[in-house]
Structures are given as structure tokens and as C-alpha cells.
Amino acid sequence: MHCPPTKAMGGQDLPGVLVSALEGPTAVFEGHVGDLQKHFRLITVQEFMGNKTQLGPKIHAVYIWGGKPAIDRELLQGLPALKIVASGGAGLDHLDLKLLASFGVKVANTPCAVTGPTADMGMALLLAAARRVLEGHQLAISPDTENFSINWMGQEVTGATLGIVGMGRIGYKVAQRARAFEMKILYHNRKRRKLEEEEVVGATYCERLDDLLQQSDFVMLALSLTPQTRGLIGRRELRLMKPTAMLINIGRGLLVDQDALLEALQTEIIKAAALDVTYPEPLPRDHPLLKLKNITLTPHIGSATHQGRQQMMESLVESIRACLDGLPIPNEVLLK
Ligand SMILES: O=C(O)[C@H](O)CO
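Here the structure is a predicted model, which is why all the values come from computation and not from measurement.

Right, let's talk about the site of the ligand for a bit. Surrounding the ligand, one finds W65, G89, A90, G91, V114, R252, H300 and S303. Contact distances for the ligand include 2.8 Å between an oxygen atom and a side-chain N or O atom of S303. For the ligand, whose accessible area on its own is 240 Å², the fraction buried by protein is 86%. The residue makeup of the shell around the ligand, split by class, is 3 nonpolar, 4 polar and 1 charged.

Applying the stated rule across the entire model yields 13 salt bridges. As a salt-bridge pair, R236 and D210 come within 2.4 Å of each other at their nearest N and O atoms. On the criterion of sequence distance, the pair formed by R236 in helix α11 (residues 235-240) and D210 in helix α10 (residues 209-215) is long-range, its members being 26 residues apart. By relative accessible area, R236 is classed as partly exposed at 46%. Accessibility expressed as a relative area gives 17% for D210, which makes it buried.

Taking the numbering used here, the UniProt-annotated feature "domain: D-isomer specific 2-hydroxyacid dehydrogenase catalytic" (unreviewed entry) corresponds to residues 57-333. In residues 57-333, helix accounts for 36% and strand for 15%; the two terminal C-alpha atoms are 24 Å from one another.

What counts as what
Per chain, residue numbering runs from 1 following the sequence as it is written. Given that this is a predicted model, residues contribute local features only at a pLDDT of at least 70 and side-chain atom pairs are listed and counted only at 80 or more, while totals for whole chains, interfaces and linings are drawn from all residues. Processing note: side-chain calculations cover all non-hydrogen atoms of the structure and skip hydrogens and water entirely. Any residue with a non-hydrogen atom lying within 4 Å of a molecule or strand is treated as near it. Two N or O atoms count as a polar contact when they lie within 3.5 Å, although within protein this holds only if one can serve as hydrogen donor and the other as acceptor, and sequence-adjacent residues are included solely when both atoms are side-chain atoms. Shrake-Rupley sampling with a 1.4 Å probe provides the accessible areas, and residues are treated as covered by the protein chains on show and by no other component. Only Asp, Glu, Lys and Arg are considered charged in this grouping, and only Ala, Val, Leu, Ile, Met, Phe, Trp, Tyr, Cys and Pro are considered nonpolar; every other residue, Gly among them, is considered polar. Any carboxyl oxygen of Asp or Glu that lies within 4 Å of a side-chain nitrogen of Lys or Arg is treated as forming a salt bridge with it. Secondary structure elements follow DSSP: runs of H or I of four or more residues count as helices, runs of E of two or more count as strands, with numbering from the N terminus. Burial classes: relative accessible area under 20% of the type maximum marks a residue as buried, over 50% as exposed, and values in between as partly exposed (1.4 Å probe, protein chains only). UniProt positions are given in the numbering used here, feature names are shortened, and annotations may be inferred rather than shown by experiment.

Here it is in C-alpha cells:
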């Protein structure tokens, strides 16, 4: 669902929104923050910390980006007028939903804004791993022009089997894209999709994750991090995969046991991995994963497109305004 932009509110006394930082490397998106500023008075955590008593009661919403600002009981106690936490992106693993509900605070996220871009990123990583794009780049710019592309080979994507783990919005978009690449598609999900939905993308349901792992040439993780999915892919699961298979992760780093992955890549239990997410982020510069040839890494940029970010901000403004106006909240996250 696309959330259309709302009209700007006038006046000096705009509702306060707590944000992590407006300047520096962790600043909320430059260029897009203007959308929030049109509607709200943005108060940084630093400002709030310096003047809690005066600013606390003026803050009606918190805008979260990249898990920041972190929300705990102490922060909530300092925000007596807080109505809503608006979190950019789809993932909610950085939020304690029960705690927020106990303070009567609503939550909204922006799943629609990230779906397409993240699925595109999944395909970009899949293709990069399959065709060894990063190694190819290194060879293309290497002084060793003698061996320019001699004996250079990657894996064919057409006709290969893609196993998608997590068939929510993003997983389904990946399937749509993979279909255009004539891939065979398997998927594993808590809940099976409707038959018509499976047929549209030509996806076959695997009730058992093990079956998907054993049959896939590419395994793509497109699911959210929860206590149930943490460490879903460990040593055992990696060993079930084909030695020629590649693992792509566009979900969260903690879905995978990273030590087990490192070992599997070093000992060629699997062929390659392509990760947009790791733990921690970024990985320490001396982390052994950074030294491998059979890995493609990107810095959690699945949803990072200008269009996606714009839509994200519009959607957040829409949700905060609806909440403060006492209207139904678009993209409200309901506690299950
Ligand atoms: O949760 C998400 O949607 C992404 O990780 C944010 O970019």
C-alpha cells in the first residue's frame, strides 16, 4: 500500500518527534528529513537528554532508523506524551513491542517502502555471487592483463533452483523476479501461501526447511529475525546444502550462525555466500569473513534507494499524523 503525502501543517507549535541525530554519520536521511520537518518539530536525543523535563512532554512520537534511538523503559518514562513509535523499514527486531504496549504506545513501520528495493537487492546479490562479479571486477582492474578472463566461469542462474526462506512481501517479490530469470522456485514459510499466489510465481511449497536446503542451488533468506528464527541456518543446515550452492541473506545477520558459515565457506561445504546483513554491522575490519574470495558483502543497503526512502518518509509522516489525530494508523504493527 502506498502512503500518499499529507499536507504540511503550519504554526510554531508542531508536535515533537524524537530522532537520533540530524548531523554526522548517523544522521537521519539528509534530503528526506525535510518531509518530517514540514510536519513536526524534530528533537534530537542529544537535545532531549540536555533538557528532559521541558522537552519530554512535548514529544509525541519517536522516529526510529537503523534501530536508533534505542527505546527502553527509562526513555519511555521520560516521554509522558508519547503516542507512537514510527520505525523505518520492515524489521521490528530492535523493538520491545510488549514494553511499548504496556506504555500504551502504538507502533508503525514501513513494509511497503522496502519490499521492492530489498527484493532487487536479493537478486543483485544472487547474480553477483553466481557470476562472481566482485572477483571479475578485481580481475578487470588488475595489472595482470595476461589472464584477463581466461578460464573464467560462474554459475548459470537460468534453470537453477532458488529456495526462498520466508515468503512474506519481500520473499514473494523475489519469487516474481526469479521467475523472470526462469528459475525453479521452492519456498519455506510458517504459513503456506494460497494456491493462486504460488501459481502466479510458479513456486512450490516445502513444508520442511531441510528439503528446500537439499534441493536448492541458491538459498535466499528473506525472513525477519524473531526468537524462533535466530540461528535458523547453522552448521547442520549448511551441511544439508549442496556443495555447489550459494547462500544469500537479505534478512538479518543473526538468522545465520556466522561461525558456522565462515567454516562452511572456508572448507567449501557450500560454494559461496552473499550477505547484505551480518552481525555486528559493520563487521570488525579484521573479521575472517572479509578475507574470503567466495563472499559478496554489502552494508545493509537492501532498502537503500532514493524512491524507497522517499516513500518511507511519506509513510511515516502519514502514520504519525493519523495516530496524533486519533485516526486508524496506516501500517500499524499489532501485538500478536
Ligand atoms: O528492516 C528493514 O526493512 C531494513 O533492514 C531497513 O533497511
